[in-house]
Amino acid sequence: MDDSTPTTRVDVVIVGAGPIGLCFANALSRQGVSSMLIDRQPRSAMAEPASDGREIALTRASQQILDQLDVWSRVGPAERARMRAAKVFDGQSLFAMQIAPQASLEEPLGCLVPNQVIRRAAHAALQNTSTGAGAVLWRDQQQIARFQANDGEVDIVLASGERIQTSLLVAADSRFSTTRRAMGIPAHIHQHGQQMLVCRMHHDQPHDQTAWEWFGYGQTLALLPVDTHCSSLVLTLSPAAMEQQLALSDEAFDADITRRFGGRLGAMRRIAEPHRYPLVSVYAERFIGHRQALIGDAAVGMHPVTAHGFNLGLQGLSRLAELIGEARTAGQDIASPTLLRRYQREQRLATAPLFAATLAIVGLYTDDRTPAKWLRKAVLRAGEAAWPAKRLIASHLTRSIG
Ligand SMILES: Cc1cc2nc3c(=O)[nH]c(=O)nc-3n(C[C@H](O)[C@H](O)[C@H](O)COP(=O)(O)OP(=O)(O)OC[C@H]3O[C@@H](n4cnc5c(N)ncnc54)[C@H](O)[C@@H]3O)c2cc1C
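Sequence order as written defines the numbering, with residues in each chain counted from 1. Where local features are concerned, this predicted model is filtered to residues with pLDDT of at least 70; where side-chain atom pairs are given and counted, the filter is 80 or more; whole-chain, interface and lining totals use all residues. The basis for every side-chain value is the complete set of non-hydrogen atoms in the structure, without hydrogens or water.

Undergrad: What is the right way to read the overall build of the chain from this model?
TA: Here a helix means four or more residues in a row that DSSP labels H or I, a strand means two or more in a row labelled E, and each is numbered from the N terminus. Within the chain one finds eleven helices and 20 strands. By the convention used here, residues are in contact when the closest approach between their heavy atoms is within 4.5 Å. Of the contacts made within the chain by residues no fewer than 6 positions apart, 73% connect residues no fewer than 24 positions apart. The method behind every accessible area is Shrake-Rupley, applied with a 1.4 Å probe, and residues are considered shielded solely by the protein chains displayed. Summed over all atoms, the accessible surface of the chain reaches about 17600 Å², with 52% contributed by carbon and sulfur.

Undergrad: Mind showing me how you'd approach the pairing of strand β1 (residues 7–15) here?
TA: Strand residues, when the strand is regular, have side chains that alternate between the two faces of the sheet. Here, any two strands with at least 2 DSSP bridges between them count as paired. Pairing analysis gives eight bridges linking β1 to strand β11 (residues 163–171), with the strands arranged parallel. Along β11, the bridge assignment pairs T8 with I164. Sheet topology note: the β1/strand β2 (residues 35–38) ladder contains four bridges and is parallel. The residue bridging V13 from the neighbouring strand is M36, located in β2. Here the term right-handed applies to a crossover when the path leading from its first strand over the helix to its second strand runs clockwise, the strands being oriented away from the viewer. In the classification by handedness, the crossover that spans β1, the intervening helix α1 (residues 19–30) and the parallel β2 is right-handed.

Undergrad: How should I be thinking about the sheet that holds strand β3 (residues 55–58) in this particular structure?
TA: Pairing is antiparallel in the open sheet, where three strands are placed in the order β3-β7-β4. Edge positions in the sheet fall to β3 and β4 (81–83), since each has one partner strand and no second. Across this sheet, the average inter-strand angle for adjacent strands is 30°, counted without regard to direction. In this sheet, strand β7 (residues 110–114) lies alongside β4 in antiparallel orientation, the contact comprising three bridges. Fitted lines through C-alpha atoms serve as axes, helices being fitted only where they are in contact, and the angles separating the N-to-C directions of these axes extend from 0 to 180 degrees.

Undergrad: Sorry if this is basic, but what is going on with the site of the ligand here?
TA: Near is defined per residue: the residue qualifies when any heavy atom it owns lies within 4 Å of the molecule or strand. In the vicinity of the ligand there are 31 residues, among which D39, R54, A57, D297 and F310 approach most closely. Contacts described as polar in this section are N or O atom pairs within 3.5 Å, which, within protein, must combine one atom able to donate a hydrogen with one able to accept it, while residues neighboring in sequence count only if both atoms come from side chains. One of the side-chain nitrogen or oxygen atoms of Q41 is found 3.0 Å away from an oxygen atom of the ligand. Note that an oxygen atom of the ligand is positioned 2.8 Å from one of the backbone N or O atoms of A57. At the level of elements, α1, β3, β12 (187–203) and α8 (309–329) are the ones that each hand at least two residues to the shell around the ligand. When residues are sorted by character, Ala, Val, Leu, Ile, Met, Phe, Trp, Tyr, Cys and Pro go into the nonpolar class, Asp, Glu, Lys and Arg into the charged class, and all the rest, Gly among them, into the polar class. Per-class residue counts for the shell around the ligand are 14 nonpolar, eleven polar and six charged. Two domains each donate at least three residues to the shell around the ligand, and these are domain 1 (7–72 + 117–189 + 282–365) and domain 2 (81–113 + 190–279 + 381–398). Source of the domain bounds: an automatic or database domain assignment.

Undergrad: Sorry, what's going on with the environment of R40 here?
TA: Relative to the assigned elements, R40 resides in the loop between β2 and α2 (43–47). Between buried and exposed lies partly exposed: a residue is buried under 20% and exposed over 50% of the maximum accessible area for its type, with that area taken using a 1.4 Å probe on protein chains only. Its relative accessible area of 58% is what places R40 among the exposed residues. The spatial distance from the C-alpha of R40 to the C-alpha of Q142 is 4.9 Å, given a sequence separation of 102 residues. Apart from the residues within four sequence positions on either side, R40 is in contact with Q141, Q142, Q143 and T178.

Undergrad: I'm lost on the nonpolar core in this one. Help?
TA: Note that soluble globular proteins tend to have their nonpolar side chains buried in a common cluster. In this structure, V12, F24, L37, L320 and I324 are the most contacted members of the largest nonpolar core, which totals 75 residues. The element best represented in this core is α8, accounting for nine residues. Setting aside residues no more than four positions away along its own chain, L320 makes contact with F24, A293, I295, L339, L340 and Y343. Residues grouped as a nonpolar core are buried Ala, Val, Leu, Ile, Met, Phe, Trp, Tyr and Cys residues, joined through side-chain atoms within 4.5 Å. If you look at the next biggest cluster of nonpolar residues, it comprises 16 residues, including M201, L221, L223 and L233.

Undergrad: Can you walk me through the packing of aromatic side chains in this structure?
TA: Here the distance between the centres and the angle between the planes together describe a pair of aromatic rings. Stacked, tilted and edge-to-face are the three classes applied to pairs of Phe, Tyr and Trp rings, where Trp contributes its six-membered ring and a pair requires centres within 6.5 Å; stacked means planes under 30 degrees apart, edge-to-face means over 60, and tilted covers the rest. Overall, the coordinates contain three aromatic pairs when judged by the stated rule. Between the aromatic rings of Y283 and F287, the centroid separation amounts to 5.5 Å while the plane-to-plane angle is 50°, which identifies the pairing as tilted. A relative accessible area of 7% means that Y283 is categorised as buried. A residue is classified by how much of its surface remains accessible, and F287, at 0% relative accessible area, is buried. Ring geometry for Y283 against F355: centres 4.9 Å apart, planes inclined by 50°, an arrangement best described as tilted. Residue Y283 is found in strand β17 (residues 275–284), and its partner F355 is found in helix α9 (residues 337–365); the two are separated by 72 residues along the sequence. Comparing Y283 with F355 shows no difference in burial state: the two are buried. Taken together through their ring pairs, the aromatic side chains of Y283, F287 and F355 make up a single cluster. Just above the ring of W72 sits the side chain of R80; from NZ or CZ to the centre is 4.3 Å. Here, over-ring charges are defined by two tests on the NZ atom of lysine or the CZ atom of arginine: distance to the ring centre within 6 Å, and angle to the ring normal within 35 degrees. Cation over ring: R348 sits above F287, and NZ or CZ is 4.7 Å from the ring centre.

In structure tokens:
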């Protein structure tokens, strides 16, 4: 690299200022560690993100982490939807497994917050961090052109030509991470061959703050409670069926969704633009490299059906930020192989079982062959009878940190 170009020095460089990158910069700043956030998007789009239709189910542990980062206080009470219970249906059966431990509206099973609200709050929480030991620098509408990891630092050149030196390069640039690829880290990528549509619906009957997951034949449906007569629809279909669904007129779309839910919530009406996502799960073979680490979806891109992607990402970034803070306090290298290996070990232990279980659930519930149909009925009935199994699912949602 050309030595005559002026160089910016920063402790950690984070590629991707999505919710995970933003919260990681925040957690580092609190440890007195400086960082630079690089994102393709303009800063205005990060400050006031557009709706992407996602309603994020947050565990109690995630709410605590967001609270420590001063993000939770920026999510207004009206933007938090409390989930009191969850029901899982199979096919046309009226039988449902119910997941509702001692949950109540005061002690709910989980809390749903629109993704753009989390992103806006995570951006706002960084507002007073432009100077000082834990300063956060920004490079928006920008990306990395090339980098080289050396013994004591990583040399980075941005597309603008700016040169940066850092102790640690972190990829937080989505499950399709180009930085992960440039680091030479392979990933297991599962193309599920389906697409997911999300949008808010109004319904005549109240939902009693209960989430519905419905494994019908040829489709998977979910309804996430937002307001008494409003839920977020999650519909999974093949790409061809999705094309037909999106080509429907407003009236035909509403009638079709009402029919798919068997009229159980009365007439349903779309009240927001639908968003469509290809279903791809990703698990990186390694979460670290020499002076390099992956966080968020760049490390583990979960299938949304079990609603854990952001929750696991939050746990991971706090784990890594804490290790970095401890090393900084002890006057040690903040990107030593020992530190990074510990992050990798702990984060893989926390994510691998859920990732595998989610793939198994997706496989079981999207297979419409007769043996799979019998098996899932048996699983649901076993789940309904087996209180320890249900408690396990519920306790994951309601678990606190510490
Ligand atoms: C329909 C749906 C529902 C979901 N529901 C839940 C849920 O209920 N609970 C839950 O925990 N999780 C849920 N998730 C998962 C959650 O949304 C993700 O885990 C989370 O958004 C990951 O955040 P991230 O910051 O890692 O990545 P992203 O949100 O993908 O952000 C990546 C950022 O990197 C930037 N970027 C990309 N490439 C580059 C580049 N080359 N250079 C610079 N910048 C770049 C992008 O502009 C973006 O700002 C859901 C996901 C979907 C699709």
